[in-house]
Amino acid sequence: MKPLLSFLLIFSFFFVSACSLEDDDKDNYKVEGDIYDLQGEVALSINDNEVLVISESSSESILQRFVFRQTLLEGDEFIISIVKQPESQYCRFYVGSSTTVEVFSGVIENQNFTDLDIQCLSYNRISNQPQSLSVGNDHTCFIDGDGAKCMGRDSNYAGNVNITQLPIGLSNPKDITSAAYHGCVTDDTGIVCWGKEDKTVVPSNLVNPRELQVGEGFSCALDDEGVKCWGWEALSSALSFEVDNVTNLTVGRASVCVLDNGKPICRALGERAIANIPDILDHVTYIAAYESTVCAIQDKKLYCWGNLFNSNGYGTDLSTELIHINLSFDMNCLANEETVSCTDQPVGSLMEEMVHIMPDAKNIGIGGYHVCAMNDEDILCFGSAFAYPESILNQN
């Protein structure tokens, strides 16, 4: 073969091969994205055949870029899952203004898929024999194996009441309840309250008090004689009544409810809607009041009445796992077959996250800027700085 012809053949081979490789590269695309605020390690999988582990960056940047090794063709579908969450964080996909939780799906077009963002939320986990939880607008109080603790700050409208400064020397605290102006604990000595001075005096006529709840400016207890309230004179006389063997004390803005062998009994000052209890409710297992709305659980269904609710809050099916329910434009609830808690504070997105973080909650506390939940093992709080241990101011 002539040298010139050989050269041309070899050149043509490499030229065609290079072009083919270039064309192949043009047809292969990757999935990439950004992860924000990661602390620790998260693992992602794509189409169940590649796992990508991303660790916290040593830099001060809150953003980290990630790229899957796997290449895809135009028109290929893909599914990305978060298969391992970081310790004390919950990460989820965020696309535009909607959260898609732990699974994201898409389709490759004629370029790399880059519109993939993951946001990680940090939370505080308290895992030392949790017993009781109470959440206010700007604070969180709880009892665990180390005693009673509060963290956060006074609400702006309450003034300087030192709501997070618990009394010294509590003896084996068992239950804690708090609001903006004051809080109370039951311990071996009885009931001990703190906060605004005129709200901390405990009446002497309590006979073996066994349940306690505080509202905004008043307190109520269940004892051997019935329901007794104090702290706000007009309301206290309207809400106190004699009744035997009732349970599940709960208070609203100016109301109190209990269960009498599964049948709700409610008293209210100036809020007639709360007293209009649905006739169907005669074997309720749990009841909770918030402001001028009351919700009850019966036969694994949620029934709400009062103000600020719609049909979504009547007869909603419940299971062992939390669901987020919108009662109205302003009112949202978290509920499962054991517990329910509602709020008109703008924390709906945090409530939605709690559905995934602690679905088996047995007690829920919702503040103005944070959400907490408790099960048999943990108390978990996330949201604002009021949910974190660095703001703990006192403990017993």
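My aim in this report is to walk through the structure given alongside it, one point at a time. Here the structure is a predicted model, which is why all the values come from computation and not from measurement. (Residues numbered from 1 in each chain as written. Predicted model: local features only at pLDDT ≥ 70, side-chain atom pairs only at ≥ 80, totals over all residues. Heavy atoms only, no water.)

**Thoughts on unusual backbone geometry**
Look at aspartate 48: it is not a glycine, yet its phi comes out positive at around 60 degrees. Secondary-structure assignment places aspartate 48 in the loop between β2 (41-46) and β3 (50-55). Look at asparagine 172: it is not a glycine, yet its phi comes out positive at around 55 degrees. Following the sequence through the fold, asparagine 172 ends up in the loop between β13 (147-152) and β14 (175-178). (Helix = DSSP H or I, 4+ residues; strand = E, 2+ residues; numbered from the N terminus.)

**Points about the pairing of β14**
Sheet analysis places β14 next to strand β15 (residues 182-187), joined by 4 bridges and oriented antiparallel. Its bridge partner being in β15, threonine 177 is matched across the sheet by cysteine 184. Linking β14 back to β15 in an antiparallel pair, the connection comprises 3 residues. (Pairing = 2+ DSSP bridges.)

**Thoughts on the packing of aromatic side chains**
Considering all chains together, one arrives at 7 aromatic pairs under this definition. Aromatic side chains phenylalanine 66 and phenylalanine 68 sit 6.2 Å apart centroid to centroid with 90 degrees between the ring planes, which places their arrangement in the edge-to-face category. Note on phenylalanine 68: relative accessible area 1%, which makes it buried. Measuring from centroid to centroid gives 5.8 Å for phenylalanine 104 and phenylalanine 113, while their planes differ by 50 degrees, and the two rings are tilted. Accessibility expressed as a relative area gives 9% for phenylalanine 104, which makes it buried. Overall, phenylalanine 113 belongs to the buried group, its relative accessible area being 17%. Through a chain of ring-to-ring contacts, the aromatic side chains of Phe78, Phe93, Phe104 and Phe113 assemble into a single cluster. (Phe/Tyr/Trp six-rings, centres within 6.5 Å; stacked < 30°, edge-to-face > 60°. Buried < 20%, exposed > 50% of the residue type's maximum accessible area, 1.4 Å probe, protein only.)

**Regarding the sheet that holds strand β29 (residues 332-335)**
Strands sit in the order β28-β29-β30 across an open sheet of 3 strands; the sheet is antiparallel. Here the strands that pair on one side only, and so sit at the sheet edges, are β28 (323-326) and β30 (340-343). Each strand axis lies, on average, 20 degrees off the axis of its neighbour in the sheet, ignoring direction. (Axes fitted to C-alpha atoms, helices over the stretch in contact; angles between N-to-C directions.)

**Here we look at the sheet that holds strand β17 (residues 211-214)**
Spatially, 4 strands are ordered β17-β18-β19-β20 in an open sheet, and the strand pairing comes out antiparallel. What marks the edges here is a single partner per strand, and that holds for β17 and β20 (241-242). Relative to strand β18 (residues 219-223), β17 is paired through 4 bridges, and the arrangement is antiparallel. Directly across from glutamine 213, in β18, lies its bridge partner cysteine 220.

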